[in-house]
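Structural description and commentary
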Amino acid sequence: MRIIGIDPGTAITGYGVVEKRGDRILFLDCGAITTPSTMEPPDRLKLIYEEFNKLIDQYEPQHAATERLFFNNNVTTGIPVGRALGVILLAIAQRGLTWTEYTPTQVKSAVVGNGRADKKQVQFMVTRLLTLAETPKPDDAADALAIAICHSHSVKLATAIKRGVRG
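Definitions and cut-offs
Residues numbered from 1 in each chain as written. Predicted model: local features only at pLDDT ≥ 70, side-chain atom pairs only at ≥ 80, totals over all residues. Heavy atoms only, no water. Helix = DSSP H or I, 4+ residues; strand = E, 2+ residues; numbered from the N terminus. Contact = heavy atoms within 4.5 Å. Areas by Shrake-Rupley, 256 points an atom, 1.4 Å probe, with all protein chains shown as cover. Lys, Arg positive; Asp, Glu negative; His and termini not counted. Charge placed at Lys NZ, Arg CZ, Asp CG, Glu CD. Disulfide = S-S within 2.5 Å. Buried < 20%, exposed > 50% of the residue type's maximum accessible area, 1.4 Å probe, protein only.

Quick notes on the overall build of the protein
For the protein, the helix and strand inventory stands at 5 helices and 5 strands. Scanning the protein from its N terminus toward the C terminus, one meets helices and strands in the order β-β-β-α-β-α-β-α-α-α. In terms of overall dimensions, the protein has C-alpha extents of about 50 × 35 × 30 Å along its principal axes. Here the analysis covers contacts within the protein between residues at least 6 apart in sequence; of these, 62% occur between residues at least 24 apart. A total accessible area of about 9,300 Å² is found for the protein, and carbon and sulfur atoms account for 52% of it. Each charge sign in the protein was given a centre, from 20 positive and 17 negative side chains, and these centres are 8 Å apart.

Printed below as a string of structure tokens:
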């Protein structure tokens, strides 16, 4: 099963693609879709949408996962992020991919084993779990990989719950 994790943003949208084979999680790719601040917002969103569709075409994931948007103090800074997430969700829906959203605590717990882990701990574990030579860059790509890893750990349980199977 292929999973694409997404860390949405207007300037930088991180992505991470993994494949789950049995109990193993294999790294396929990660990176970022970037848009220049000089572009108008509709053009930035169009670019994110087009580049994300290219990733779907290239990797053919069955599942997509994002982190639930959380805004601590300033909701207005979250509006552009929400717009980026919107075009990503549109692409996911058009392709018929399953989509799951995780809280930051769920992602940290799945990757580190501690829902209060800091960014460095998450990056360290992403690097270890995927047996990478170095920490993925930019940070948005490492975050997206953490989201994909979280989903790879959770998808079996989530599927069972949706089907009403009890373990």
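Thoughts on the state of the cysteines
Two cysteines whose sulfur atoms are joined by a covalent bond form what is called a disulfide. A full pass over the atoms with the stated rule returns 0 disulfides. Left without a disulfide partner, Cys30 is nearest to the cysteine sulfur of Cys150, which lies 17 Å away.

Overview of the environment of Leu130
Within the secondary structure layout, Leu130 lies in the loop between helix H4 (119-129) and helix H5 (139-163). Through-space distance from the C-alpha of Leu130 to that of Leu28 is 9.5 Å; in sequence the pair is 102 residues apart. If we ignore the near neighbours within four places in the chain, the residues touching Leu130 are Val18, Ile25, Leu26, Phe27, Leu145 and Ile149.

Some remarks on unusual backbone geometry
Glycine aside, the phi torsion of most residues is negative, and most peptide linkages are trans. In the segment running from Lys137 into Pro138, the intervening peptide bond is cis, with an omega of -5°. Its location among the elements puts Pro138 in the loop between H4 and H5. Although it is not a glycine, Glu60 sits at a positive phi angle of roughly 50°. Along the polypeptide, Glu60 turns up in the loop between helix H1 (41-59) and strand S4 (63-67). Positive phi, normally seen in glycine, also occurs at Thr131, with a value near 45°. Here Thr131 is to be found in the loop between H4 and H5. For Thr131, a relative accessible area of 70% gives the class exposed.

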